[in-house]
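# Per-entry structural report
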Amino acid sequence: MNAHRPVHRVAIVGTGTIGASWATHYLVRGFDVTATDPAPTAEAALRAYVETAWDAAASIGLAPEASPDRLSFTADLRQALADVDFVQENAPERPQLKVRLFADIDDATPPDAIIASSSSGITMSVIQAECRRPQRTVIGHPFNPPHIVPLVEVVGGTKTAPETIRDAMSFYAAIGKKPIHLKKELPGHVANRIQAALYREVVHLVQEGVLDVADSDDAVSWGPGLRWGVMGPHLLWHLGGGEGGIEHFMDTLMPRMVASWQELGTPEFTPELMGKIVGGVLEEADGHSVDELAARRDAMLSALLAVRAEYDPSGPSAAAVRPAKEGP
């Protein structure tokens with residue numbers, strides 16, 4: 001396949017919450033961004049989102065030439081894709097829609113551009129099925145919100161070229177993301193499956209009356225969640241093993257943990273349980289709106305990223321920006 005072109009112009013296809021957050025990130029990193037969405041109120045909603053999210057995103061990493069004025073919008077898909085270098089697709093999670101949309105994107109996009117999907121549950125092998133150039137298609141699944149959280153899961157389909165995965169990984173890293181390469185496709189990718197496994201046990205404990213909704217949130221966010229914001233579970237177990245490290249942990253503590261797996265629950269998600277969780281969450285929110293809580297979350301995440309940048313050289317660089325444009 002042809003070499004992928006250097007990325008200067010990004011297209012955002014689908015401007016809901018994820019698409020708008022991606023657009024904010026690309027703008028803050030100094031790209032020209034063309035967004036497209038068929039919804040009649042999409043442009044106004046997108047520009048309002050970018051304005052609200054700009055300061056939080058800019059505090060993490062702002063390119064000298066970055067400006068929200070570099071955002072353009074059109075409802076015409078072909079027009080949006082005519083001269084882009086990288087596509088970030090964020091349409092609803094419906095397989096038939098994704099397959100048709102990717103075929104249209106593939107047809108309208110320059111052949112040396114990469115086409116990435118933010119799909120959280122549909123594999124690229126399904127999505128790329130009707131593309132004429134499937135080798136340049138890849139999953140680039142973010143963690144919400146993309147303009148704050150660095151993680152991007154990168155995984156190809158059966159027809160994706162290794163060069164596409166390599167170039168997508170390099171591109172995401174260059175713009176301040178933390179890409180991880182999934183060696184195999186699986187529904188839900190990785191991060192969503194991990195948080196689903198945790199939430200299943202949390203819901204089980206609430207259903208069994210062990211603790212209420214607010215305490216279950218505190219049990220995560222004020223305990224293991226604090227540590228997970230610094231290191232992943234394997235490295236934390238290495239510390240948990242004391243002087244003997246991970247070898248001691250595996251020899252002495254892991255058998256007990258394996259035995260405890262049998263005691264983990266699978267809750268029956270009844271209407272009563274749903275009502276209990278909804279009521280508990282609203283009580284915990286204490287009258288604060290979703291937007292207010294999101295702003296609080298993003299401010300704390302930005303502060304945590306600043307601390308991680310100071311202590312963790314393996315993390316994404318706050319100074320990472322797009323390469324300077326060559327020529328006039």
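Preceding block: the structure.
Predicted model only: the values in this text are computed from it and were never measured.

### Concerning the overall build of the protein
Helix and strand counts for the protein come out as 13 helices and eight strands. Radius of gyration (C-alpha) of the protein: 21 Å, near the 20 Å computed for a compact globule of 328 residues. Along the first, second and third principal axes, the C-alpha atoms of the protein reach 60 × 45 × 40 Å. For the protein, restricting intrachain contacts to residue pairs at least 6 apart in sequence, the fraction spanning at least 24 positions comes to 72%. On the protein, roughly 17,400 Å² of surface is accessible, and the fraction owed to carbon and sulfur atoms is 59%. Averaging the positions of the 28 positive and the 42 negative side-chain charges in the protein gives two centres separated by 8 Å.

### Focus on a nonpolar patch on the surface
Together, Phe 269, Met 274, Val 278 and Leu 282 make up an exposed nonpolar region whose accessible area comes to about 420 Å². Here Leu 282 shows up in helix 12 (residues 271-285).

### Here we look at the packing of helix 1 (residues 17-28) against helix 2 (residues 42-60)
The N-to-C vectors of helix 1 and helix 2 enclose an angle of 50°; their axes lie 9 Å apart at closest approach. Compared by their axis directions, helix 1 and helix 2 come out oblique. The crossing of helix 1 and helix 2 is right-handed. Across the interface between the two elements, Thr 17, Ala 20, Ser 21, Ala 23, Thr 24, Leu 27 and Val 28 from helix 1 touch Leu 46, Tyr 49, Val 50, Ala 53, Trp 54, Ala 57 and Ala 58 from helix 2. Looking at the contact of helix 1 with helix 2 residue by residue, the class counts come to 11 nonpolar, three polar and no charged.

### Quick look at the pairing of strand 5 (residues 114-117)
Residues of strand 5 alternate between two faces, with Ile 114 and Ala 116 on one and Ile 115 and Ser 117 on the opposite face, all of them buried. Each parallel crossover has a hand, and the one from strand 4 (residues 86-89) via helix 4 (residues 95-108) to strand 5 is right-handed. Bridging between strand 5 and strand 6 (residues 137-142) involves three bridges; their strand directions are parallel. The partner of Ala 116 across the bridge, within strand 6, is Val 138.

### Description of the environment of Val 203
Relative to the assigned elements, Val 203 resides in helix 7 (residues 191-207). When its relative accessible area of 5% is taken as the criterion, Val 203 is described as buried. Linking Val 203 and Gly 265, residues 62 residues apart in sequence, is a C-alpha distance of 8.8 Å. If near-sequence neighbours (up to four positions away) are discounted, Val 203 is found in contact with Pro 267, Phe 269, Leu 273 and Ile 277.

### Quick word on the sheet that holds strand 7 (residues 151-155)
Here eight strands make up an open sheet; going across it, the order is 3-2-1-4-5-6-7-8 and the pairing mixed. Strands at the two margins of the open sheet, each flanked by one partner only, are strand 3 (71-73) and strand 8 (178-181). Going from strand to strand, the sheet's axes swing by 25° on average, the running direction of each strand aside. Relative to strand 7, strand 6 runs antiparallel, the two being bridged by four bridges. Bridging across to strand 7, Pro 142 finds its partner in Val 152. Lying over the sheet, helix 6 (residues 162-174) contacts strand 4, strand 5, strand 6, strand 7 and strand 8, oriented at roughly 160° with respect to strand 8.

Each value, and the rule that gives it
- The numbers attached to residues start from 1 for each chain and follow its sequence in the written order.
- A pLDDT threshold of at least 70 governs which residues receive local features in this predicted model, and a stricter bar of 80 or more applies before side-chain atom pairs are shown or counted, although totals over entire chains, interfaces and linings include all residues.
- The side-chain numbers reported here are obtained from all heavy atoms of the structure, hydrogens and water having been left aside.
- Helix numbers and strand numbers start at the N terminus; a helix is a DSSP run of H or I with at least 4 residues, a strand a run of E with at least 2.
- Values of the radius of gyration come from C-alpha atoms, whereas the globule rule sets the reference at 2.2 Å times the count of residues to the power 0.38.
- The contact criterion used throughout is that any non-hydrogen atoms of two residues lie within 4.5 Å.
- To be clear on the numbers: accessible area is Shrake-Rupley with a 1.4 Å probe, and residue cover counts the displayed protein chains and nothing else.
- His is not counted, nor are the chain ends; Lys and Arg add positive charge and Asp and Glu add negative charge.
- Positions of charges follow a simple convention, taking NZ of Lys, CZ of Arg, CG of Asp or CD of Glu.
- Residues qualify for a patch when their relative accessible area is over 30% and they have no salt bridge, like charges being joined within 9 Å and the nonpolar side chains of Val, Leu, Ile, Met, Phe, Trp and Tyr within 5 Å.
- Any carboxyl oxygen of Asp or Glu that lies within 4 Å of a side-chain nitrogen of Lys or Arg is treated as forming a salt bridge with it.
- Under this scheme, a helix contributes an axis fitted over its contacting stretch, all axes are lines through C-alpha atoms, and angles between N-to-C directions fall in the 0 to 180 degree range.
- Here roughly perpendicular refers to angles of 65 to 115 degrees, roughly parallel to angles under 35, roughly antiparallel to angles over 145, and oblique to all remaining angles.
- Less than a right angle of anticlockwise turn of the near helix away from the far helix marks a crossing as left-handed, whereas a clockwise turn marks it as right-handed.
- We call Asp, Glu, Lys and Arg charged. Ala, Val, Leu, Ile, Met, Phe, Trp, Tyr, Cys and Pro are nonpolar, and the rest, Gly among them, are polar.
- Exposure is judged per residue with a 1.4 Å probe applied to protein chains only, and the accessible area is read against the type maximum: over 50% gives exposed, under 20% gives buried, and values in between give partly exposed.
- Assignment of crossover handedness uses the view with strands pointing away from the viewer, where a clockwise path from the first strand over the helix to the second indicates a right-handed crossover.
- DSSP bridges decide pairing: two strands pair if at least two such bridges lie between them.

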